[in-house]
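Observations on the model geometry
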Amino acid sequence: MSIWKRHATVDDLNKFSQNTLSVALGIKITEIGERTLTATMPVMEATKQPMGFLHGGASAALAETLGSIAASMCTEDSNICFGLELNASHLKSKRSGEVTGVATPIRIGSSVQVWEIRVTDEEGELVCLSRLTVAVRKMG
């Protein structure tokens with residue numbers, strides 16, 4: 001059974017992110033599952049740190065982007081979601097290619113949500129493991 005209260009397509013979500021950090025980092029939503037939201041991000045100059053490796057902040061931005069969008073999709077249209085805390089453990093370095101993030105809910109509450117975001121490489125190896133806590137508030 002789907003957890004989503006707001007209905008959107010992958011194209012809708014990518015259009016919603018126009019003119020944001022997501023575009024600058026090349027983040028693209030690729031799949032909306034029954035209980036997951038998936039996106040990819042290239043390992044390119046804009047997502048690397050000075051030593052040439054994927055920047056931990058870019059992995060964190062991918063995680064927060066996925067968790068925040070997923071949280072918003074699990075609320076009524078009158079609500080807005082904000083990240084409260086992001087924990088990111090960077091487990092493997094990466095110099096090129098692409099990473100994929102998958103957000104899965106740990107708790108979907110009416111005022112607080114918690115999401116796990118697993119960022120993996122093309123071989124399925126874990127690059128970053130994150131937990132995002134999100135506040136849910138009424139708009140207005």
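Our structure is the block above this text.
Residues numbered from 1 in each chain as written. Predicted model: local features only at pLDDT ≥ 70, side-chain atom pairs only at ≥ 80, totals over all residues. Heavy atoms only, no water.

1. Some points on the overall build of the protein
What counts is decided by this rule: Strands are runs of DSSP state E lasting at least 2 residues, helices are runs of H or I lasting at least 4, and numbering of each runs from the N terminus. Computation of the radius of gyration draws on C-alpha atoms, with the globule rule given as 2.2 Å multiplied by the number of residues to the power 0.38. Each residue's exposure class comes from its accessible area (1.4 Å probe, protein chains only) as a fraction of the maximum for that residue type: buried when under 20%, exposed when over 50%, partly exposed otherwise. In what follows, residue pairs with any heavy atoms lying within 4.5 Å of each other are defined as contacts. Surface accessibility in these figures is a Shrake-Rupley result with a 1.4 Å probe; residues are shielded only by whichever protein chains are displayed. When charges are tallied, Lys and Arg are placed among the positive residues and Asp and Glu among the negative ones, while His and the ends of the chain are skipped. Each charge is placed at NZ for Lys, CZ for Arg, CG for Asp and CD for Glu.
Assigned secondary structure in the protein consists of three helices and six strands. On C-alpha atoms alone, the protein measures out to a radius of gyration of 14 Å, which is about the 14 Å that the 2.2 N^0.38 rule sets for 140 residues. Of all 140 residues assigned to the protein, the portion counted as buried reaches 41%. Residue pairs at least 24 apart in sequence account for 62% of intrachain contacts in the protein once pairs closer than 6 positions are excluded. With the model as given, the accessible surface of the protein reaches about 7,500 Å², and the carbon-plus-sulfur share is 53%. Of note, the protein has its 14 positive side-chain charges centred 5 Å away from the centre of its 15 negative side-chain charges.

2. A look at a nonpolar patch on the surface
Put simply, the test is: Residues enter a patch when their relative accessible area is above 30% and they make no salt bridge; the linking distance is 9 Å between like charges and 5 Å between nonpolar side chains (Val, Leu, Ile, Met, Phe, Trp, Tyr). The term salt bridge refers to a side-chain nitrogen of Lys or Arg lying within 4 Å of a carboxyl oxygen of Asp or Glu.
Residues Ile80, Phe82 and Met139 make up a contiguous nonpolar surface patch of about 280 Å² in total accessible area. With respect to the helices, strands and loops of the structure, Ile80 is situated in strand β3 (residues 79–90).

3. Focus on the pattern of salt bridges
Scanning the model with the defined rule gives seven salt bridges in all. Between Asp77 and Arg6 there is a salt bridge, and its shortest N-O distance comes to 3.5 Å. Placement of Asp77 in the loop between α3 (56–73) and β3 and of Arg6 in the segment before α1 (10–16) is noted, with a sequence separation of 71 residues between them. For Glu45, the salt bridge is made with Lys48, and the minimal N-O distance between the two is 4.0 Å. Each member of the salt-bridge network shares a partner with another, and the members are Lys92, Asp121 and Glu125.

4. Some points on the packing of aromatic side chains
Our working rule: Side-chain rings of Phe, Tyr and Trp (the six-membered ring for Trp) are treated as a pair once their centres are within 6.5 Å; stacked means planes under 30 degrees apart, edge-to-face means over 60, and tilted covers the remaining angles. Two thresholds decide whether a charge sits over a ring: the Lys NZ or Arg CZ must be within 6 Å of the ring centre and within 35 degrees of the ring normal.
Tallying each qualifying case throughout the model produces one aromatic pair. Just above the ring of Phe53 sits the side chain of Arg95; from NZ or CZ to the centre is 4.0 Å.

5. As for unusual backbone geometry
With phi around 60°, Asn19 is a residue other than glycine that occupies positive phi space. Its location among the elements puts Asn19 in the loop between α1 and α2 (21–25). With relative accessibility at 79%, the residue Asn19 sits in the exposed group.

6. Some words on the sheet that holds strand β4 (residues 98–108)
Threshold: Any two strands are treated as partners once DSSP identifies two or more bridges connecting them. Only the stretch in contact is used when fitting a helix axis, every axis being a line fitted to C-alpha atoms; angles between N-to-C directions are given from 0 to 180 degrees.
Taking strand neighbours across the sheet as the criterion, the six strands line up as β1-β2-β4-β5-β6-β3 in an open arrangement whose pairing is antiparallel. Strand pairing shows two members of the sheet lacking a second neighbour, β1 (28–32) and β3, which therefore form its edges. Direction aside, the axes of adjacent strands within the sheet are offset by 25° on average.

7. Thoughts on the state of the cysteines
Counted only if it meets this: Our working definition of a disulfide is a cysteine sulfur pair at a distance within 2.5 Å.
Considering all chains together, one arrives at zero disulfides under this definition. Counting only cysteine sulfurs, Cys81 is the nearest neighbor of Cys74, a cysteine outside any disulfide, at a range of 8.3 Å. What makes Cys74 buried here is its relative accessible area of 4%.

8. Some remarks on the side chain of Thr38
On the secondary structure map, Thr38 appears in strand β2 (residues 37–42). The class for Thr38 is buried, based on a relative accessible area of 9%.

9. Looking at the environment of Ala60
Structurally, Ala60 can be placed in helix α3. The sequence separation of Ala60 and Leu84 amounts to 24 residues, and the corresponding C-alpha distance is 13 Å.

It is worth stressing that arrangement in space is one thing and function is another; only the former is reported here.
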